[in-house]
Amino acid sequence: MEGKSYQRFPRVKIREMRHDYLKFELRDTDASVANALRRVMIAEVPTVAIDLVEIEINSSVLNDEFIAHRLGLIPLTSDRAMSMRFSRDCDACDGDGQCVHCSVEFHLRARCHSDQTLDVTSKELLSSDHTVVPVDFSDASGYEASEQRGIIIVKLRRGQELRLRAIARKGIGKDHAKWSPAATVTFMYEPDIRINEEMMETLSLEEKTAWVDSSPTKVFEIDPNTGKVVVVDPEAYTYDDEVIKKAEAVGKPGLVDITAKEDSFIFTVESTGAIKASQLLLNAIEILKQKLDAVRLSEDTVEADDQFGELGAHMRGG
Amino acid sequence: MFNKARKQKRRGSPSIALLHFNSSLNIAWSKFCEEMELGTLSDPSQSTFSLIDEDHTFANAIRFTLNQDPRTRFCGYSIPHPSDNRVNIRIQTTGDPAKDVFRDACQDLMVMCQHASNTFDKAVVDFKMSKSVDGMDI
């Protein structure tokens, strides 16, 4: 075997972790891998969302398809999603997509009897599977009772009624955004900030304060005891170069040197609640491995030189 | 024709299908991973792999991994048209068949993903332990 591959293995360190929020550092890997992870988290991690709605009675002010669209966007707890089958692949129900193995059934029945407006919320959506339910957004402390009602689907007046049956299926964000489990996933390069101490010494306190304040985010601070400029939060730096321009404006170029470390990333993952943020990352890595598996084991690479015509011409520079 | 393709389908994972060419028709199923390889008849050390239902997510990561392999002389990817869900990956090697180098790169990337997954699990455990040491409310 000729020389080994030069690949390195990534390191991970978690900064912050809550149920739907995760901040971690990913080091010793390339931007393409970090971006692949980000794209998979947004578009290819499967979840469960309402996909088919049968409306029996609807006398509300919103029309049927409006309500069906809103129902599809409600996030459902999708821990089962990775092990579920896509309903088009399900053999138990002939691809009908309504059997127990590949779908979850929901009911909603609401009628307003009183003169007060009735808010039909996601909490009134009743599931046939207790592991797949609309995400509960209520605060753990729960002192604000009014905020625990769930997502409002429609409001009803006296005499208006809504009755429907909905089927939720597995899908991925690529097909429709309702299936995307991620609210936002971002990553930034970790900045490497070096202050030129000798040049900094030649500045007066007012000049230092002015320079520190020129940054839109609080990256630097003046230590009250020593009067020196210190880096208080390097990751608040948004690569806007304001401090560099300010240093040049006061006639001191090279006062600070800020570079982005090319193989060190800070990821921020916020999930919709359908999947836990940490589980979202693990599922994303799993999906990426499945894709690689599919390509690697593909034995059917078709020799397509003659039959490819225009594609061959394109590749040969035509 | 189609029966022969269906027998290779595996449930619950991205499936692979044999692509049969009619004279002018190009039949493909969605969500299957398909590959077409060009340029292999004359010289196996350089090929273009055309993957269906893939995009920058997969192609950029595999291009990076291919560059790490010293057997690769050249590698790159292109997306002929954004509306077509297709990506072409070009590999030229120093002698080994391009197919093998491509497969090894997939293997390397898989190992890296598995390592990332394990490292992440360990990091979660470490984080939870450090949090429970600092404050008793998680």
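Residues numbered from 1 in each chain as written. Chains lettered and ligands numbered in written order. Predicted model: local features only at pLDDT ≥ 70, side-chain atom pairs only at ≥ 80, totals over all residues. Heavy atoms only, no water.

Colleague: Explain the overall build of chain B to me, please; I cannot follow it from the model alone.
Modeller: The helix and strand tally for chain B stands at three helices and four strands. Looking at chain B alone, contacts between residues at least 24 apart form 44% of all its contacts between residues at least 6 apart. If you sum the accessible surface of chain B, you get close to 6900 Å²; carbon and sulfur atoms cover 53% of it. (Helix = DSSP H or I, 4+ residues; strand = E, 2+ residues; numbered from the N terminus. Contact = heavy atoms within 4.5 Å. Areas by Shrake-Rupley, 256 points an atom, 1.4 Å probe, with all protein chains shown as cover.)

Colleague: Looking at this structure, I do not really get the overall build of chain A. What am I missing?
Modeller: Secondary structure summary: chain A contains eight helices and 13 strands in total. Taking all contacts inside chain A whose residues are at least 6 apart in sequence as the whole, residues at least 24 apart take part in 73%. Summing over all exposed atoms, chain A offers an accessible surface of approximately 16400 Å²; the carbon and sulfur share of this is 48%.

Colleague: What exactly am I supposed to notice about empty space enclosed by the protein here?
Modeller: Following the criterion strictly, the structure yields four cavities of 30 Å³ or more and no others. Here the largest cavity defines a volume of roughly 100 Å³. Lining the largest cavity are 13 residues; nearest its centre among them are Pro10, Val33, Leu37 and Ile285 of chain A together with Ala116 of chain B. Listed by contribution, the elements that provide at least two residues to the lining of the largest cavity are strand E2 (21-27), helix H1 (31-43) and helix H6 (277-296) of chain A together with helix H3 (98-134) of chain B. Here the element with the most residues in the lining of the largest cavity is H3 of chain B; it accounts for four residues. Its residues placed into classes, the lining of the largest cavity shows 13 nonpolar, no polar and no charged. (1 Å grid on protein atoms, 1.4 Å probe; cavity = no way out; pocket = protein on both sides within 12 Å on 5 of 7 lines; lining within 4 Å. Points joined across faces, edges and corners; volume = space filled by probe spheres on them. Nonpolar A, V, L, I, M, F, W, Y, C, P; charged D, E, K, R; others polar.)

Colleague: Just to check I follow, could you spell out helix H2 (residues 64-73) of chain A for this structure?
Modeller: Each α-helix winds once per 3.6 residues, and so residues spaced three or four apart point in a common direction. Residue and element names in this part refer to chain A. Among the residues making up H2, those that are buried are Ile67, Leu71 and Gly72. Angular distribution of buried residues about the axis of H2 spans 140 degrees; they occupy a single face of the element. Buried residues belonging to H2 abut strand E3 (47-58), strand E7 (152-156) and strand E8 (161-171). (Buried < 20%, exposed > 50% of the residue type's maximum accessible area, 1.4 Å probe, protein only. Arc of directions from axis to C-beta.)

Colleague: Before we go on, may I ask you to explain the environment of Tyr237 of chain A in this structure?
Modeller: Residue and element names in this part refer to chain A. As for its placement among the helices and strands, Tyr237 is situated in the loop between strand E11 (229-231) and helix H5 (242-249). Along the primary structure Tyr237 and Asp263 are separated by 26 residues, whereas in three dimensions their C-alpha atoms are 17 Å apart. Residues within four places of Tyr237 in sequence aside, it is in contact with Met188, Pro191, Thr217, Val219, Val243, Ile244 and Ile258.

Colleague: Got a minute to help me understand unusual backbone geometry in this structure?
Modeller: With the exception of glycine, the majority of residues adopt a negative phi angle, and the majority of peptide bonds are in the trans configuration. Residues and elements named next belong to chain A. Of note, Tyr239 is a non-glycine position whose phi angle comes to about 55 degrees, a positive value. For Tyr239, the position within the fold is in the loop between E11 and H5. Residues other than glycine seldom take positive phi values, yet Asp241 does so here, at roughly 60 degrees. Here Asp241 shows up in the loop between E11 and H5.

Colleague: Where do I start with the packing of aromatic side chains in this structure?
Modeller: To describe a pair of aromatic rings, one takes the distance between the centres and the angle between the planes. For the structure on display, the rule yields eight aromatic pairs over all chains. A centroid spacing of 5.1 Å and a plane angle of 10 degrees characterise the contact between Phe24 of chain A and Phe267 of chain A, whose relative ring orientation is stacked. Of this pair, Phe24 of chain A sits in strand E2 while Phe267 of chain A is found in strand E12 (residues 256-271), placing the two residues 243 residues apart along the sequence. Both residues of the pair, Phe24 of chain A and Phe267 of chain A, belong to the buried class. Here the aromatic rings of Trp211 of chain A and Phe220 of chain A are separated by 4.8 Å at their centres, their planes lie at 45 degrees, and the arrangement is tilted. Taken individually, Trp211 of chain A and Phe220 of chain A each receive the classification buried, so the pair is uniform in this respect. These aromatic residues form a ring-pair network of at least three members: Phe24, Phe187, Tyr189, Phe265 and Phe267 of chain A together with Phe120 of chain B. Here Arg88 of chain A stacks its cationic end above the ring of Phe86 of chain A, 4.5 Å away from the centre of that ring. Between the NZ or CZ atom of Lys178 of chain A and the centre of the ring of Trp179 of chain A, over which it lies, the distance is 4.7 Å. (Phe/Tyr/Trp six-rings, centres within 6.5 Å; stacked < 30°, edge-to-face > 60°. Lys NZ or Arg CZ within 6 Å of the ring centre and 35° of its normal.)

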